[in-house]
Amino acid sequence: MKSYLYKVWAIFSKDVRTELRTKEILSAMAVFSLLMVLVFIFALPGKLQEPQDVVPGLLWIAFTFAGVLGLNRSFIIEKDRGSLEGLLLAPVDRSAIFLAKMLGNFAFITIVELLTLPLFSLLFNYSVFNLGLLPVLLMGTLGFAEIGTIFAAMAVNTRAREVLLPVLFFPVMLPVIIAAAQATSAVLANRPFGEISGQLQLIGIFDLVFLIVPLLLFELVIEE
Amino acid sequence: MATNTKYMTTTNVPGKKLDWIPILSYALLFMFPLSLLFVLISPTDVNLAFSQRIFYFHLPANIMCFLSFLVYFIGGIAYWRTRQRKWDIVMVSSLELGVFFSFIGIVTGSIWARYAWNTFWTWDPRLTTVTIMLVVYLSGLMLRNATDDPSRKASLTAAFGVIGFIDVPLVYFSTRWFPRGLHPVIFGDNGNAIGLEGFMIVTMLTCMVTMGLLFTYFLIQRIRLEQMRDDVAALFYAQEGEEY
């Protein structure tokens, strides 16, 4: 168990180190989400007066789209540089590769989300800083990372890989997006925490199920 | 495997086993007019008048759609455990059938809703779930068509089938919080509130059997089509091998 976790850590830290040197995924996602916020503001100028109606939904739209961008890169980078074969040849269980990649994606998307939140608050002039938002954000992002990582690994070996990931990813993610947007709007309206327990439960079940299922399926998806 | 038996085909081998296609064809020839007749002579609903009769197609189509995705899921699990081509054939056949039947279900439901609820569309949890399910499996078909290598095609389809099937109940639970939109759902959960009585139940069961036969017929034919494609490919390669 300890050596398994060490292997996961090794692949994860490799991803983080690569990212810190190239800043390819993070910069693309951050710039993209900034542009998304601007597009929302230009597209919905009337809504600046009542941001509480639109901000929860827009937040999750921005997270989903920016997330897909980063998820796509996570395997395409490996494939294009030929390092995916190297990774598969490494003497580790395939599920360790999934776990490490998933944690890497989770970390990158979370960082971008935390950067996007102040932008939203600033430009929509509506504070989204609320401690209750943190569990919703983290659990929702975990779901994104889990499903996104296995679908990115699936899409990378197909013809239309950049286009295919969002097509696969959005419909399957809809339960998390619905629940997370509902929970976010309840939290931002300062409603009691008990009101969102149902949504959090659903996201929690989603996270748990889709942590286990892709771990088992990953060897099927990635085999050469 | 077809590739091993050089010129032998796996389909249409006489005397190999019972051929279900003619049996199913005759059964359908009998059952389809019978269910149409039953639909016409069954009592008319008090509130919904004639439009209620579309239910005799709507409900069986939706049940067959769920059944297809269940077969796809089972095929996915079986392929994952065995890596045999036959399970890949089962998966692709049931995936296509499921999309077909869910499309029928959505279209018939939508036509009915126009008369019953005065709108083609409402974001009722069941409708939303079925729609999302259709989109999920359509993207699964896209995934399959975007893959070239046959064994990768099969394994990606299998993985997607398992994930998609597990996702459906989660979609259903999440739609509980879905805002109902402008139009109220008059009948509560659709279907349940409309009581079926006496001959209506007989009609419904007859239509269910007909749709089940149709599903089985399509599934067997689709599987055979895929096997024939394998045979053609095997013959093609065998011939090419002789020329060299």
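Residues numbered from 1 in each chain as written. Chains lettered and ligands numbered in written order. Predicted model: local features only at pLDDT ≥ 70, side-chain atom pairs only at ≥ 80, totals over all residues. Heavy atoms only, no water.

### A closer look at the overall build of chain B
Going by this rule: Counting from the N terminus, the helices are DSSP H or I runs at least four residues long and the strands are E runs at least two residues long. Contact criterion: two residues are considered in contact whenever any of their non-hydrogen atoms come within 4.5 Å of each other. Using the Shrake-Rupley algorithm and a 1.4 Å probe, accessible areas are obtained, with residue cover drawn only from the displayed protein chains.
What chain B contains, in helices and strands, is six helices and zero strands. Counting from the amino terminus, helix and strand elements in chain B follow one another as α-α-α-α-α-α. Sequence-distant contacts, at least 24 apart, represent 81% of the contacts inside chain B between residues at least 6 apart. For chain B, the accessible surface area stands at approximately 12,700 Å², while carbon and sulfur atoms represent 69% of it.

### Regarding the overall build of chain A
Rules: Only C-alpha atoms enter the radius of gyration; for comparison, a globular chain is expected to reach 2.2 Å times N to the power 0.38, where N is the number of residues. Relative accessibility under 20% of the residue-type maximum defines a buried residue, over 50% an exposed one, and the middle range a partly exposed one, all with a 1.4 Å probe and only protein chains included. We treat Lys and Arg as the positive residues and Asp and Glu as the negative residues; His and chain ends play no part in the count. To locate a charge, take atom NZ for lysine, CZ for arginine, CG for aspartate or CD for glutamate.
The secondary structure content of chain A amounts to eight helices and zero strands. Starting at the N terminus, the α and β elements of chain A follow one another as α-α-α-α-α-α-α-α. Its C-alpha radius of gyration of 18 Å places chain A within 12% of the 17 Å reference for a compact globule of 224 residues. Principal-axis analysis of the C-alpha atoms gives chain A an extent of 55 × 35 × 30 Å. Relative to its full complement of 224 residues, chain A shows a buried share of 53%. Counting only carbon and sulfur atoms, one obtains 69% of the accessible surface of chain A, whose full area is about 9,600 Å². Measuring between centres, the 15 positive side-chain charges of chain A sit 7 Å from its 17 negative side-chain charges.

### Things to note about the packing of helix 4 (residues 125-145) of chain B against helix 5 (residues 150-174) of chain B
Residue and element names in this part refer to chain B. What counts here: An axis is simply a line fitted to the C-alpha atoms; with a helix, the fit covers only the stretch in contact. Between two such axes, the angle follows the N-to-C directions and lies from 0 to 180 degrees. Our angle categories are set so that under 35 degrees counts as roughly parallel, over 145 as roughly antiparallel, 65 to 115 as roughly perpendicular, and the remainder as oblique. Only Asp, Glu, Lys and Arg are considered charged in this grouping, and only Ala, Val, Leu, Ile, Met, Phe, Trp, Tyr, Cys and Pro are considered nonpolar; every other residue, Gly among them, is considered polar.
Between helix 4 and helix 5, the least distance of the axes is 10 Å, while the angle of their chain directions is 170°. Here helix 5 runs roughly antiparallel to helix 4, going by the angle between their axes. Side by side, helix 4 and helix 5 meet where R126, T129, I132, M133, V136, Y137, S139, G140, L143 and R144 of the first sit next to K153, A154, L156, T157, F160, G161, G164, F165, D167, V168, V171 and Y172 of the second. Residues of the contact of helix 4 with helix 5, tallied by class, amount to twelve nonpolar, six polar and four charged.

### Here's the deal with the confidence of the model for chain B
Residues and elements named next belong to chain B. Spelled out, the test is: The pLDDT value tells you how sure the predictor is about a given residue, anywhere from 0 up to 100.
Averaged over all residues, the pLDDT of chain B equals 82, while 82% of them reach at least 70. Within chain B, the lowest mean pLDDT, 88, falls on helix 1 (residues 20-41), and the highest, 92, falls on helix 2 (residues 55-82). Taken together, the stretch residues 1-8 has pLDDT below 50 and engages in twelve contacts with residues farther than four places along the chain or on a different chain. Scored below 50 in pLDDT, residues 181-193 shows 19 contacts in the model against residues more than four places distant or in partner chains.

### Describing the packing of helix 3 (residues 51-80) of chain A against helix 7 (residues 161-188) of chain A
Residue and element names in this part refer to chain A. The condition that has to hold: Two helices cross in a left-handed way if the nearer one is turned anticlockwise from the farther one by less than a right angle. They cross in a right-handed way if the turn is clockwise.
Two numbers describe how helix 3 lies on helix 7: the axes approach to 8 Å, and their chain directions differ by 145°. Both helix 3 and helix 7 take part in a crossing whose hand is right-handed. Across the interface between the two elements, V55, P56, L59, W60, T64, F65, V68, L71, N72, I76, K79 and D80 from helix 3 touch R161, E162, L165, P166, F169, F170, I177, A180, A181, T184, S185 and L188 from helix 7. Considering only residue class, the contact of helix 3 with helix 7 consists of 16 nonpolar, four polar and four charged.

### Quick notes on the pattern of salt bridges
Heads up, the condition is: Any carboxyl oxygen of Asp or Glu within 4 Å of a side-chain nitrogen of Lys or Arg constitutes a salt bridge here.
Tallied over the entire structure, the rule returns 19 salt bridges over all chains. For A:K101, the salt bridge is made with A:D15, and the minimal N-O distance between the two is 3.4 Å. One end of the pair, A:K101, is in helix 5 (residues 94-124); the other, A:D15, is in helix 1 (residues 2-22), and 86 residues separate them in sequence. Each member of the pair, A:K101 together with A:D15, is buried. Between A:R81 and A:E24 there is a salt bridge whose closest N-O contact spans 3.1 Å. One end of the pair, A:R81, is in the loop between helix 3 and helix 4 (83-89); the other, A:E24, is in helix 2 (residues 24-43), with 57 residues separating them in the sequence. One salt-bridge network, held together by shared partners, links B:R85, B:D88, B:E96, B:R144, B:R222, B:E226, B:R229 and B:D230.

### What to know about the interface of chain B and chain A
Convention followed: Accessible surface is computed with a 1.4 Å probe, and the buried area is the amount of it that two parts give up when combined, taken over both parts together.
In this complex, chain B contributes 30 residues to the contact, which on the side of chain A involves 34 residues. For the pair chain B and chain A, the summed buried surface comes to about 2,900 Å²; carbon and sulfur atoms form 74% of the total. The largest share of the area that chain B buries against chain A comes from B:R152, B:I163 and B:W177, three residues that together contribute 24% of it. Elements that contribute at least two residues to the side of chain B that touches chain A include exactly helix 2, helix 4 and helix 5 of chain B. In terms of residue count, helix 5 of chain B provides more of the side of chain B that touches chain A than any other element does, 14 residues in total. Looking at the side of chain B that touches chain A residue by residue, the classes come out as 21 nonpolar, five polar and four charged.

### A few points about the environment of A:L5
Secondary-structure assignment places A:L5 in helix 1. In the structure, A:L5 is positioned 95 residues away from A:A100 in sequence and 9.2 Å away in space, judged by C-alpha atoms.

### Some details on the nonpolar core
If you look at soluble globular proteins, the nonpolar side chains tend to sit buried side by side. For clarity, the threshold we go by: Put simply, a nonpolar core is a bunch of buried Ala, Val, Leu, Ile, Met, Phe, Trp, Tyr and Cys residues held in one set by side-chain atoms that sit within 4.5 Å of each other.
In this structure, A:F124 and A:F151 are the most contacted members of the largest nonpolar core, which totals 116 residues. Leaving out residues up to four positions away in the same chain, A:F151 has contacts with A:L165, A:L168, A:F169, A:V172, B:F160 and B:I163. Formed by eleven residues, the second largest nonpolar core is a distinct cluster that contains B:V39, B:F55, B:Y56 and B:W117.

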